[in-house]
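Structural description and commentary
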Amino acid sequence: MEYRVVEQAILDRGVEWKFEPTLERISALMDLLGAPQRACPVIHIAGTNGKTSTARMTEALLRERNLRVGRYTSPHLRTMRERICVDGVPLSEERFSEVYADILPYVEMVDAKGIKISFFEILTAMAFAAFADAPVDVVVLETGLGGTYDATNVVDAAVSVVTPISLDHMEYLGSDIRSIAAEKAGIIKPGGIAVLAQQSLPAAEVLMRRVAEVEATVAREGLEFGVLHRELAVGGQMLRLKGLKGVYEDVFLPLYGEHQASNAACALAAVETLAGTAEPLDEDLVRQAFAGVKSPGRLEVIRRGPTVMVDAAHNIAGMEATVRALTESFTFDRLIGVVAMMADKDVSGMLDALEPVLHEIVVTRNSSPRSMDVAELAELARNVFGDERVHEAQRLDDAIDMAVGLADRGDDIGGGGVLITGSVVTSGDARTLLRAADA
């Protein structure tokens, strides 16, 4: 079966998607496939922001230990195949199509029962099948939405990681932090190990209650592990990390922002835990792993002269983290924003977060049908930035060209810069247009 046909068949399953609190479909499919999700240990990652970066760092540490790793993340930036990686490499078009063809008869058996497998469920099943067939030594698994009823939660994870929780997807997960945290806490398994990033008090209380209820072992950032020191470095930051089993000095992380340092600490604690020995990880191994980490679309510099960055922030907490990292790590005399956001997000809140660092903003739309109309986004932007600082472009490529022209008006102090942000889709579209290298 040709890859494009497979891709469209999977996309078609998402057309009428709606959130349902059930694992019935994915569980039925896993049973028919012979439970491939139980083929090896799993590090399961939930949270609102930072999941994909944490997954990539976790994978890097595991691979540096000579383990074969399966990584499942979402959403993708450019191709659906990015979601399912073995040894850091997305499945080829041929292999992706083969895995789909292999599981399709079983998918159709579940469909026939009147409980049609969804877009995300079929990709999750394909990931488990591909990893079991490879085979891999360990799986790094990112939730898609929530935790308790996310399709990935058919695993019995050895280690569960919860990155920072904030308000997002409230129409599905609940209207407040406690409700959202309760959903994400569902990945913490009885007798398992929970690695928790620093959280707001309401989220921390919910997570710790779950830990107590299921008698899990807990490791908390800022207590059992964390970032002891960080300083700016060319192309990223230098870290001193406190792990669960030792302190790791002079760790270079080629990513920007305090939030990425926190993600690194969580990844380190998760891998230390999975290692199963009292000894710390080899310090050179940790340095080498983190030095090679890439997180495409996360405050990623993809062009110079002027500097053009793409960032996948798509909620207020994520945008605030981006702004802090920008302020800390870059100096521009003029920074121009190219912004396209989904209509169902807190657009005004994200624009408020961006306003202090942007001199002007070009509003546009991305390739998603959920993208907010340009005129509507421009109206909201004018409420935040004022009329003179807001420009419109119906196409993202035109918006980027306009922003580059505006940024080039900068003087020699720090030069001009362009930040393209507002959505994972916006980030992915921009990387494609600017032909950023995949990693």
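Summary of the structure given here. Every value quoted in this text rests on a predicted model; they were computed, and no experiment measured them. (Residues numbered from 1 in each chain as written. Predicted model: local features only at pLDDT ≥ 70, side-chain atom pairs only at ≥ 80, totals over all residues. Heavy atoms only, no water.)

1. Observations regarding the packing of aromatic side chains
So the rule is basically this: Aromatic rings from Phe, Tyr and Trp, with only the six-membered ring used for Trp, were paired whenever their centres fell within 6.5 Å, and each pair was classed as stacked if the ring planes differed by under 30 degrees, edge-to-face if by over 60, and tilted otherwise. Secondary structure follows DSSP: runs of H or I at least 4 residues long count as helices, runs of E at least 2 residues long count as strands, and numbering of each begins at the N terminus. Exposure is judged per residue with a 1.4 Å probe applied to protein chains only, and the accessible area is read against the type maximum: over 50% gives exposed, under 20% gives buried, and values in between give partly exposed. A ring is scored as having a charge over it whenever the NZ atom of a lysine or the CZ atom of an arginine sits within 6 Å of its centre and within 35 degrees of its normal.
This structure, assessed with the given rule, holds four aromatic pairs. Aromatic side chains Tyr-3 and Phe-96 sit 5.5 Å apart centroid to centroid with 75° between the ring planes, which places their arrangement in the edge-to-face category. Here Tyr-3, found in helix H1 (residues 3-12), pairs with Phe-96, found in helix H4 (residues 93-111); they are 93 residues apart in sequence, far enough to count as distant. Aromatic side chains Tyr-256 and Phe-330 sit 4.7 Å apart centroid to centroid with 55° between the ring planes, which places their arrangement in the tilted category. Here Tyr-256, found in the loop between strand E11 (247-253) and helix H9 (258-275), pairs with Phe-330, found in the loop between helix H11 (316-329) and strand E14 (334-339); they are 74 residues apart in sequence, far enough to count as distant. The same class applies to Tyr-256 and to Phe-330, which are both buried. Connected via pairs of aromatic rings, a cluster forms that spans Tyr-256, Phe-330 and Phe-332. A cation over an aromatic ring shows up here: Arg-81 above the ring of Tyr-3, its NZ or CZ 5.6 Å from the ring centre.

2. Concerning helix H14 (residues 396-407)
Defined as follows: By this rule the span expected of a helix is its residue count minus one, scaled by 1.5 Å. The directions considered for the arc run from the helix axis to the C-beta atoms.
Between the first and last C-alpha of H14 there are 16 Å, a value that for 12 residues agrees with the 16 Å anticipated at 1.5 Å per step. Every buried residue belonging to H14 is among Leu-396, Ala-399, Ile-400, Ala-403, Val-404, Leu-406 and Ala-407, and all of these are buried. Each buried residue of H14 sits inside an arc of 160° when the element is viewed along its axis, so together they form one side.

3. A few points about helix H15 (residues 424-433)
Here is the rule: N or O atoms closer than or at 3.5 Å make up a polar contact, with two conditions inside protein: a donor-capable atom paired with an acceptor-capable one, and, for residues adjacent in sequence, both atoms drawn from side chains.
Most of H15 is tucked away, with seven of its 10 residues classed as buried. By the burial criterion, the buried members of H15 are Val-424, Thr-426, Ser-427, Gly-428, Asp-429, Ala-430 and Arg-431. Taking the backbone nitrogen of Val-425 as reference, a side-chain oxygen 3.0 Å away marks Ser-423 as the first, capping residue of H15. Following H15 by one or two positions, Arg-435 adopts a phi angle in the positive range, close to 55°.

4. Quick look at the pairing of E14
Within a regular strand, the side chains alternate between the two sheet faces. What counts, and what does not: Strands were regarded as paired on the criterion that DSSP finds at least two bridges between them. Here, the term right-handed applies to a crossover whose path from the first strand over the helix to the second runs clockwise when the strands point away from the viewer.
Most of E14 is tucked away: six of the six residues are buried. Side chains Arg-334, Ile-336 and Val-338 project from E14 onto one buried face, and the interleaved Leu-335, Gly-337 and Val-339 project onto a second face that is buried too. Relative to strand E15 (residues 360-363), E14 is paired through four bridges, and the arrangement is parallel. Looking at the pairing, Val-339 lines up with Val-363 of E15. In terms of handedness, the path from E14 via helix H12 (residues 347-354) over to E15 forms a crossover that is right-handed.

5. Some points on the sheet that holds strand E10 (residues 236-242)
For clarity, the threshold we go by: Between N-to-C directions, angles span 0 to 180 degrees; the directions come from axes that are lines fitted to C-alpha atoms, helices contributing only their stretch in contact. What makes two residues a contact is simply this: any of their non-hydrogen atoms within 4.5 Å.
Here three strands make up an open sheet; going across it, the order is E9-E10-E11 and the pairing antiparallel. Edge positions in the open sheet fall to strand E9 (226-233) and E11, since each of these has one partner strand only. For this sheet, the mean inter-axis angle between neighbouring strands, taken without regard to orientation, is 20°. Where E9 lies against E10, seven bridges are found, and the strand directions are antiparallel. The residue of E10 that forms the bridge with Val-227 is Leu-241. Each of E10 and E11 touches helix H10 (residues 283-291); the most contacted strand, E11, lies at about 20° to it.

6. Some points on the packing of helix H3 (residues 51-64) against H10
As a reminder of what qualifies: Working rule for angles: under 35 degrees goes down as roughly parallel, over 145 as roughly antiparallel, 65 to 115 as roughly perpendicular, anything else as oblique. When the near helix sits turned anticlockwise from the far one by under a right angle, the crossing is termed left-handed; a clockwise turn instead gives a right-handed crossing.
At a minimum axis separation of 8 Å, H3 and H10 run at an interaxial angle of 135°. Relative to H10, the element H3 is oriented oblique. Of the two elements, H3 crosses H10, and the hand of that crossing is right-handed. The segment H3 lies against H10, with Met-57, Ala-60, Leu-61 and Glu-64 engaging Leu-285, Val-286, Gln-288, Ala-289 and Phe-290.

7. Focus on the side chain of Glu-82
Note the following rule: Positive: Lys, Arg. Negative: Asp, Glu. His and the chain ends are not part of the count. Whenever a carboxyl oxygen of Asp or Glu lies within 4 Å of a side-chain nitrogen of Lys or Arg, that contact is scored as a salt bridge.
Structurally, Glu-82 is set in the loop between strand E2 (69-72) and strand E3 (84-86). Buried charge Glu-82 goes without a salt bridge, the closest partner of opposite sign being Arg-78 at 5.5 Å. A polar contact is formed between the side chain of Glu-82 and the backbone nitrogen of Leu-77, at a distance of 2.9 Å. Beyond its immediate stretch of four places on either side in the chain, Glu-82 contacts Arg-71, Thr-73, His-76, Leu-77 and Pro-90.

8. Focus on the nonpolar core
Going by this rule: Working definition of a nonpolar core: buried Ala, Val, Leu, Ile, Met, Phe, Trp, Tyr and Cys residues. They are joined through side-chain atoms within 4.5 Å.
Counting 41 residues, the largest nonpolar core has Ile-10, Tyr-72, Ile-84, Phe-96, Leu-123, Met-126 and Phe-131 as its most contacted members. The set of elements that each furnish at least two residues to this core consists of H1, helix H2 (24-33), E3, H4, helix H5 (119-133) and strand E5 (138-142). Looking at this core element by element, the count peaks at 11 residues for H5. Once residues lying within four places of it in the same chain are set aside, the contact partners of Ile-84 are Arg-71, Tyr-72, Val-89, Pro-90, Leu-91, Phe-96, Leu-123, Met-126, Ala-127, Ala-130 and Phe-131. Leu-239, Tyr-248, Val-251 and Val-271 belong to the second-largest nonpolar core, a separate cluster that totals 37 residues.

9. So, the pattern of salt bridges
Close approach of charged atoms allows side chains of opposite charge to pair. Following the criterion strictly, the structure yields 23 salt bridges and no others. A salt bridge links Glu-20 to Arg-25; the shortest N-O distance between them is 3.1 Å. Exposure remark for Glu-20: the relative accessible area of 33% places this residue in the partly exposed category. The class for Arg-25 is buried, based on a relative accessible area of 10%. Between Arg-389 and Glu-355 there is a salt bridge, with its nearest N and O atoms 2.7 Å apart. In this pair, Arg-389 sits in the loop between helix H13 (374-385) and strand E16 (390-392) while Glu-355 sits in the loop between H12 and E15, placing the two residues 34 residues apart along the sequence.

10. Comments concerning a nonpolar patch on the surface
Put simply, the test is: The patches reported here contain residues having more than 30% relative accessible area and no salt bridge. Joining distances are 9 Å for like charges and 5 Å for nonpolar side chains (Val, Leu, Ile, Met, Phe, Trp, Tyr). In this description, accessible areas are obtained by the Shrake-Rupley approach with a 1.4 Å probe, and a residue is regarded as covered only by the protein chains that are shown.
On the surface, a cluster of nonpolar side chains totalling about 240 Å² of accessible area is made up of Leu-32, Tyr-106 and Met-109. Structurally, the position occupied by Leu-32 is in helix H2. For Leu-32, a relative accessible area of 31% puts it in the partly exposed group.

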